[in-house]
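Reading the structure
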4 protein chains.
Amino acid sequence: MVGTVKPRRRQARGERRMAQLLDAAEEVFAAGGFSAATTNAIAATAGVSPGTLYQFFPNKESMATALADRYVAALAAAHDPDARVDGVPLDDVIDRMVDPAIGIAGDHRAFEAMFRAHPCRQLRAAVTDNVDRTIAARVPELDPGRRRLVATVVVKIIGAVLPDILAASGRAEAELTAELKRVLRAYLLDVSD
Amino acid sequence: MVGTVKPRRRQARGERRMAQLLDAAEEVFAAGGFSAATTNAIAATAGVSPGTLYQFFPNKESMATALADRYVAALAAAHDPDARVDGVPLDDVIDRMVDPAIGIAGDHRAFEAMFRAHPCRQLRAAVTDNVDRTIAARVPELDPGRRRLVATVVVKIIGAVLPDILAASGRAEAELTAELKRVLRAYLLDVSD
Amino acid sequence: MVGTVKPRRRQARGERRMAQLLDAAEEVFAAGGFSAATTNAIAATAGVSPGTLYQFFPNKESMATALADRYVAALAAAHDPDARVDGVPLDDVIDRMVDPAIGIAGDHRAFEAMFRAHPCRQLRAAVTDNVDRTIAARVPELDPGRRRLVATVVVKIIGAVLPDILAASGRAEAELTAELKRVLRAYLLDVSD
Amino acid sequence: MVGTVKPRRRQARGERRMAQLLDAAEEVFAAGGFSAATTNAIAATAGVSPGTLYQFFPNKESMATALADRYVAALAAAHDPDARVDGVPLDDVIDRMVDPAIGIAGDHRAFEAMFRAHPCRQLRAAVTDNVDRTIAARVPELDPGRRRLVATVVVKIIGAVLPDILAASGRAEAELTAELKRVLRAYLLDVSD
DNA sequence: GATGAATGAGAGTTCATTCAT
DNA sequence: CATGAATGAACTCTCATTCAT
């Protein structure tokens, strides 16, 4: 009777620990990027010992990918790629691509770092998929291969400007964001032809 | 007359070593980026002892900036930003911006890494200046502040796509390059309005 | 009840290691002084890896100050500065100042080295405090400012002669010690006037 | 004919170089003590290359001893130990011991450092000899063995207080100096009995 | 599970000294 | 004589990971 409950408790506790550790990892990765981050620092930030960290994650990389998974989920929640876009103006489509990116990156302090980190391929893939599908909805006649290429480029462009947007604030932030959207609109208009 | 040459002799050996060390640094930086690079590895690659390296460079950072200086020079040689562009078609202007970048990055294996490395602000600045001046020649009526912003964004875009272009080859490389140029053309056309 | 003991276990090992490391540091500092000492040598002497040393001490300096703390404690145990001295003959007072110093320095091989080491201000301060208070008890009418000066000078004198006393042995040691006491007695007699 | 002159020229130049190097060594030793000093720093301060330094001095130690020799000479010039002292008051004798010490140490920035440096035994010996002879003149009936001991102790006392005197200034300097003289007067009075 | 002690290779850098020029 | 390039062992300190408790 008790035995059937305990394992759940344990699992629950374990997942709480993992979340705790990922929170800590987020903080540390955000501060100095993936490779500058220290597993000891992560453990300390989480308030546990290094040994405990390695009970849940086999190595540093796995923490990055786990954190990236979190972001993939947040992305899925924030940005529904299958939303109707064929009727809406292009500017709105672009807003729907850019604004959630800025929002998520703003909310999740290590988003940028993970986006760049080698072990987080999945995150880049997920973002690219989203964009790809959005483009597909907007320009259905586009060849899928070409579309993938366009999506990749769009993601790279967003990824390149995003850090500066996040670092800026006020007018500078708005200007940069507007410029980013201008680039994407011009590009996607060209692609649509 | 002879006296002015003699002192050079000694410096000549030193300058050869510096070049040698920078070559080695280029190789090592290219392989794993700035922070993963090891001064010992650089020295070993150059075939000298660690102490020799430090006779010419006070620290690891200084090697990166020195290497970046090389690239700035190569850039200046490859891409004359004051060349007439007001009469030529936009596509040609873009070719003149993108092709030398690809060329230099292809020739100098650590260009990318240095472009991203923190200590190499100058390189990013130089590239941005070049683009800024090119835009100025093409769209003279553009407000300088706005122009700087556009140049910054253009450089970020090129910097974001460049690694993939360099990593690719054959058809993929050509496609990516074409796509990059398309982005820039669309953007600059929009800016020109 | 048991819970309060358990956590100690782990710290116990650590504190044993710290003591071990300080013992090793004592040996190494004694051999060549603070700055000539090597953290690797200390670790090796303690039979541990360099990393272990840095788990307990953030740097070389901290080992010196920790060692000095040990000596401050030993000093406090050996030399009670508030003991009655106003009734006893001056010679006895001086014995009580000098003999514990020689004793401690003899027992703790790095006492001298730490006494001179820059990071061990505390040790010099503690020794000076002791002497200051002893003088205060013996010559209560002395102005505190002047007394501090006298104490400082007394400590410097002891510190200057001590190394030779420790290095000597037999008759030479006794002679030097006697001479040191003579200096102090003459000085303090003069001060008492 | 010319040949007989040249070697002198060379020697003269050589001695100028040596003096130059010793001046530099003085500065560098004064700044951080013997062991912290760097032969490269000395060479640089002298405005020559490291190789040149090693043409005149076989190693770092030899620079210290050569510098100490300078100080021995300065000492001999400043403090004539065979001057009549038997008729003069003790205070004057002590002034003649202490003031030149302070003077020389003030004039020659590395005096202190050399006084403490291991390789400069001679300097300590010379100072001790001077004091020994001064005591001999003042207290001729003292047993030479005992006198040597007293001289040694006197020198140690001066050496212990000197750094603080030099570091201080104004009232503090005067107070310390007075205190030092008080110690020595009390001690020598005691010894004279 | 959790702890924190332990590891050890290796990081960047220094420096007394030597040697080719 | 003078130069400055060259050496290389050694230094302080770090960190991903493991292991005994």
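Residues numbered from 1 in each chain as written. Chains lettered and ligands numbered in written order. Predicted model: local features only at pLDDT ≥ 70, side-chain atom pairs only at ≥ 80, totals over all residues. Heavy atoms only, no water.

**Focus on the protein's contact with DNA strand F**
The condition is simple: Residue proximity to a molecule or strand is established when one non-hydrogen atom of the residue lies within 4 Å of it. As used in this structure description, the phrase polar contact means that two N or O atoms lie within 3.5 Å; if the pair is within protein, one of them must be able to donate a hydrogen and the other to accept it, and residues adjacent in sequence are counted only when both atoms belong to side chains. Only DSSP runs of H or I covering at least 4 residues are called helices, and only runs of E covering at least 2 are called strands; the numbering of each starts at the N terminus. All residues other than Ala, Val, Leu, Ile, Met, Phe, Trp, Tyr, Cys, Pro, Asp, Glu, Lys and Arg, Gly among them, are scored as polar; the first ten of these are nonpolar and the last four charged.
Every one of the 35 residues lining DNA strand F counts as a neighbour, but A:T39, B:R17, B:Q55, C:T38 and D:T52 are closest to it. Near-protein atoms of DNA strand F (within 4 Å) split between backbone and bases, with sugar and phosphate holding 62%. Here a phosphate oxygen of DNA strand F and a backbone polar atom of C:A37 are 2.9 Å apart. Here a phosphate oxygen of DNA strand F and a side-chain polar atom of D:T52 are 2.9 Å apart. Elements with a minimum of two residues in the surface near DNA strand F: α2 (39-46) and α3 (50-56) of chain A, α1 (2-36) and α3 (50-56) of chain B, α2 (39-46) and α3 (50-56) of chain C together with α1 (2-32) and α3 (50-56) of chain D. By residue number, the principal contributor to the surface near DNA strand F is α3(D), which donates five residues. Of the residues that constitute the surface near DNA strand F, the class distribution is ten nonpolar, 19 polar and six charged.

**What to know about helix α5 (residues 90-107) of chain B**
Rules: Multiplying 1.5 Å by the helix residue count minus one yields the expected span of that helix. Each residue's exposure class comes from its accessible area (1.4 Å probe, protein chains only) as a fraction of the maximum for that residue type: buried when under 20%, exposed when over 50%, partly exposed otherwise.
Taking 1.5 Å of rise per residue, 18 residues should cover 26 Å, and α5(B) covers 26 Å from first to last C-alpha, within 8% of that figure. Those residues of α5(B) that fall on the buried side of the exposure criterion are B:L90, B:V93, B:I94, B:M97, B:V98, B:P100, B:A101, B:I102, B:I104 and B:A105.

**Some remarks on the nonpolar core**
To be explicit about the condition: To define a nonpolar core, start from buried Ala, Val, Leu, Ile, Met, Phe, Trp, Tyr and Cys residues and group those joined through side-chain atoms within 4.5 Å. The domain boundaries here were taken from an automatic or database domain assignment. Whether two residues are in contact is decided by their heavy atoms, any of which lying within 4.5 Å being enough.
Membership of the largest hydrophobic core comes to 128 residues, with the highest contact counts inside it found for A:F29, A:M114, B:F29 and B:M114. Residues lining this core come from more than one domain, with at least three contributed by each of domain 1 (2-57) and domain 2 (67-192) of chain A. Among residues more than four places away in sequence, those in contact with A:M114 are A:F29, A:F34, A:A64, A:L67, A:Y71, A:C120, A:L123 and A:R124. Judged by nonpolar contacts, the second largest core, of 127 residues, contains C:L53, C:I104, C:V191 and D:L162.

**Examining the relation of the copies chain C and chain D**
Stated precisely, the cut-off is as follows: Our superposition of the copies is a least-squares fit, built on the C-alpha atoms of residues whose pLDDT is at least 70 in both.
Superposing chain C onto chain D takes a rotation of 178° plus a shift of 0.0 Å along the axis, which leaves an RMSD of 0.3 Å. Taken together, these values place the two copies in the relation of a two-fold axis.

**Some words on the packing of helix α4 (residues 60-78) of chain B against helix α7 (residues 121-138) of chain B**
Residue and element names in this part refer to chain B. Definition in use: Only the contacting stretch of a helix is used when fitting its axis, a line to C-alpha atoms as for every element, and angles between N-to-C directions run 0 to 180 degrees. To sort the angles, those under 35 degrees are grouped as roughly parallel, those over 145 as roughly antiparallel, those from 65 to 115 as roughly perpendicular, and the leftovers as oblique. Here is the rule for handedness: rotate from the far helix to the near one, and if that takes an anticlockwise turn smaller than a right angle the crossing is left-handed, while a clockwise turn gives right-handed.
Where α4 contacts α7, the two axes come as close as 9 Å, and the packing angle between them is 15°. The angle between α4 and α7 places the two elements in the roughly parallel class. Remark: the crossing between α4 and α7 carries right-handed chirality. Contact with α4, carried on its side by T65, A68, D69, Y71, V72 and L75, involves Q122, L123, A126, V127 and N130 of α7 and no other residues of that element.

**Comments concerning the domain arrangement of chain A**
Residue and element names in this part refer to chain A. Put simply, the rule is: When two components associate, each loses some accessible surface as probed by a 1.4 Å sphere; the sum of these losses over both components is called the buried area. Here a salt bridge means any side-chain nitrogen of Lys or Arg lying within 4 Å of a carboxyl oxygen belonging to Asp or Glu.
Segmentation of chain A into domains returns domain 1 (2-57) and domain 2 (67-192). Taking only C-alpha atoms into account, the centre of domain 1 sits 30 Å from that of domain 2. Surface buried jointly by domain 1 and domain 2 totals about 800 Å² across both partners, of which 65% is contributed by carbon and sulfur atoms. It is L22, E26 and F34 that lose the most area in domain 1 upon contact with domain 2, and together they represent 56% of the buried surface on that side. The interface formed by domain 1 and domain 2 holds two salt bridges in total. Here E26 ties to R70 by a salt bridge, and the two come within 4.0 Å at their closest N and O atoms. Taken together, the links from domain 1 to domain 2 amount to three residue pairs in polar contact (both at pLDDT 80 or more). Broken down by class, the residue content of the side of domain 1 that touches domain 2 amounts to six nonpolar, one polar and three charged.

**Quick notes on the side chain of D:T39**
Inspection of the secondary structure assignment puts D:T39 in helix α2 (residues 39-46). Sequence-distant contacts of D:T39, defined by excluding residues within four places in its chain, comprise D:L53, D:Y54 and D:K60.

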